[in-house]
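Here's the letter readout for the chains.
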Amino acid sequence: MAFDAEIVRKDFPILQQQVYGKPLVYMDNGATTQKPQAVIDCLVRMYRTMNANIHRGVHFLSEQTTECYEQSRRTVQSFLHAPFAEEIIFTRGATDSINAVAFSFGEAYVHPGDEILVSEMEHHSNIVPWQMMCDRKKARLRVIPMHDDGTLDLEAFRASLSGKTRLVAVTQVSNTLGTVNPVADIIREAHQAGTRVLIDAAQSVQHLSIDVKQLDCDFLAFSGHKLYGPTGVGVLYGKRDLLNEMPPYQGGGDMISCVTFEKTTYNELPLKFEAGTNNYIDAAGLACAIDYLTALGLPEVQAYEKRLTQYALSQLKNIPGLRIYGEAPERAAIFSFLVEGIHPYDMGMVLDKLGIAVRTGTHCTQPVMDHYNIDGTVRASLAFYNTEKEIDILCEGICRAKKILLA
Ligand code: PLP
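Residues numbered from 1 in each chain as written. Predicted model: local features only at pLDDT ≥ 70, side-chain atom pairs only at ≥ 80, totals over all residues. Heavy atoms only, no water.

Break down the layout of surface pockets for me, with residues and values.
One simple way to see leftover space: roll a probe sized like a water molecule over the atoms. Computed from the structure, the largest pocket encloses a volume of approximately 400 Å³. Top element by residues in the lining of the largest pocket is helix 4 (residues 94-109). It accounts for 3 residues. Two domains each donate at least three residues to the lining of the largest pocket, and these are domain 1 (5-28 + 298-405) and domain 2 (50-294). For the second largest pocket, the calculated volume is near 300 Å³. Taken together, 14 residues form the lining of the second largest pocket, with Leu-208, Gln-302, Lys-306, Arg-331 and Ala-332 sitting closest to its centre. (1 Å grid on protein atoms, 1.4 Å probe; cavity = no way out; pocket = protein on both sides within 12 Å on 5 of 7 lines; lining within 4 Å. Points joined across faces, edges and corners; volume = space filled by probe spheres on them. Helix = DSSP H or I, 4+ residues; strand = E, 2+ residues; numbered from the N terminus. Domains from an automatic or database assignment.)

Here's what the structure looks like:
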């Protein structure tokens, strides 16, 4: 059956409500996505019928939750096309995943004088952990610049790669500009230079199909809450051999094999990187979200989002005085814009009163703002439950805001 956003929307209870007496138009999906009833039901069912701590019990409930947790891992594994289940580490989110690599990989592989490459369009989550690691390890953070259209300067990237580069950390989709970066090329070229690559998939996992085996990335990070799943859970994928060689970054229960005061030995993957009681309930919720999305049909969802993106672009471009930041030919449904003479915060406030939820500010990408010499933008970020009708409402809202704010 053809994908029908109007029907699919009914799966999301929050979208059925009104704000300020107006139908909610939710366009802040880059910050977090809404949850389908199936995910909400999954969480309630888990707490009502099978809650018990994983891995440490021999009783019925604990065995059930443990099996459910490991099944959730296998769901993520097959979603990412990872060769082995133990390459999937559950974390608190993309930020946590990146920090884990920065600490653990940094301990094992980064030495004074080494270099880490990030791009100018990274989220702060994919900048600051590397800065902190570089400080610790006396290494140097280098930046791949971007062009004004929001595409990466790949010539500069190639020129920056050297024998000193230990890792390239780059986003697959920019949360501010919508740019889809050519990560397969970046990974291939980095590998040719002997460099490992981490892909920040926080904004791509919900828009694109990801095959870590085909991409050949060394690490990949994403958050559950941006993939229609619960908050507080995320994923770090890492190649098994590499993870095996890396030291744990947190100590505690579950990550050990044997503890004495003289010496502790660590557990096998993936538990080596999952210290303490992990978020097994939300991991199940994330797996449920993945099942939901997969059942909708990823190709259909992606084709719909592509059409929506083209429609949004064409409509936004019709508004006099509106400038879109980020015009990469390959892009996701994320639109940052400014209207001449209007502060983004004011625009966001007026849109809010019309029931339209957008985000304003720097979107945790201050270097992108510095690139354009601006303080912030308005960002509308779409999901498959958004419609052309809602894009029309957004555009009408922007025009209304212009009338009010420029009067
Ligand atoms: N990377 C990108 C590209 C993001 O957009 C975000 C969040 O907006 C993150 C990382 C951090 O995600 P989280 O706050 O869920 O850890």
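Describe the sheet that holds strand 17 (residues 377-381), naming the residues involved and giving the relevant values.
The sheet built from 4 strands is open, its strands ordered 13-14-17-16 with antiparallel pairing. Since the sheet does not close on itself, it has two edges, and those belong to strand 13 (322-325) and strand 16 (359-361), each with one partner. Here the strands of the sheet are splayed against their neighbours by 30° on average, with no regard to which way each runs. Strand direction decides the pairing type here: strand 13 and strand 14 (residues 334-339), joined by 4 bridges, are antiparallel. Residue Leu-322 lies in a different strand from strand 14, and its bridge partner there is Val-339. (Pairing = 2+ DSSP bridges. Axes fitted to C-alpha atoms, helices over the stretch in contact; angles between N-to-C directions.)

Any chance you could break down the domain arrangement of the protein for me, citing the residues and the numbers?
Many authors give the size of an interface as the accessible area that is lost as the parts come together. Here the protein is described as being made up of domain 1 (5-28 + 298-405) and domain 2 (50-294). Put simply, the middle of domain 1 and the middle of domain 2, counted by C-alpha atoms, are 29 Å apart. The partner domain 2 presents 30 residues to the 31 residues of domain 1 that form the contact. Of the roughly 2,500 Å² buried where domain 1 meets domain 2, counting both sides, 57% is carbon and sulfur surface. When the area that domain 1 buries against domain 2 is broken down by residue, the three leading residues are Leu-298, Ile-334 and His-371, summing to 22%. At the surface where domain 1 touches domain 2, the tally comes to 0 salt bridges. Applying the counting criterion to the domain 1 and domain 2 interface returns 18 residue pairs in polar contact (both at pLDDT 80 or more). Breaking the side of domain 1 that touches domain 2 down by element, the ones donating at least two residues are helix 11 (298-317), strand 14 and helix 13 (366-372). With 6 residues, the top contributor of residues to the side of domain 1 that touches domain 2 is helix 13. When the residues that make up the side of domain 1 that touches domain 2 are grouped by side-chain class, the tally is 17 nonpolar, 8 polar and 6 charged. (Contact = heavy atoms within 4.5 Å. Buried area = accessible area lost by both parts, 1.4 Å probe. Salt bridge = Lys/Arg side-chain N within 4 Å of Asp/Glu carboxyl O. Polar contact = N/O pair within 3.5 Å; in protein donor to acceptor, adjacent residues only side chain to side chain. Nonpolar A, V, L, I, M, F, W, Y, C, P; charged D, E, K, R; others polar.)

Provide a residue-level description of the side chain of Gln-206, including the pertinent values.
In this structure, Gln-206 sits in the loop between strand 8 (196-200) and helix 8 (212-215). With a relative accessible area of 4%, Gln-206 lands in the buried category. A distance of 3.0 Å separates the side chain of Gln-206 from the backbone oxygen of Ala-202, its partner in a polar contact. Once residues within four sequence positions are removed from consideration, Gln-206 is found in contact with Ala-201, Lys-226, Leu-227, Tyr-228 and Glu-305. (Buried < 20%, exposed > 50% of the residue type's maximum accessible area, 1.4 Å probe, protein only.)

Describe the pairing of strand 4 (residues 88-91), and please don't skip the residues or the numbers.
Of the two faces of strand 4, both are covered, the one formed by Ile-88 and Phe-90 as well as the one formed by Ile-89 and Thr-91. Of the strand pairs in this sheet, strand 4 and strand 10 (residues 234-238) are connected by 4 bridges, and their pairing is antiparallel. The residue of strand 10 that forms the bridge with Phe-90 is Val-235.

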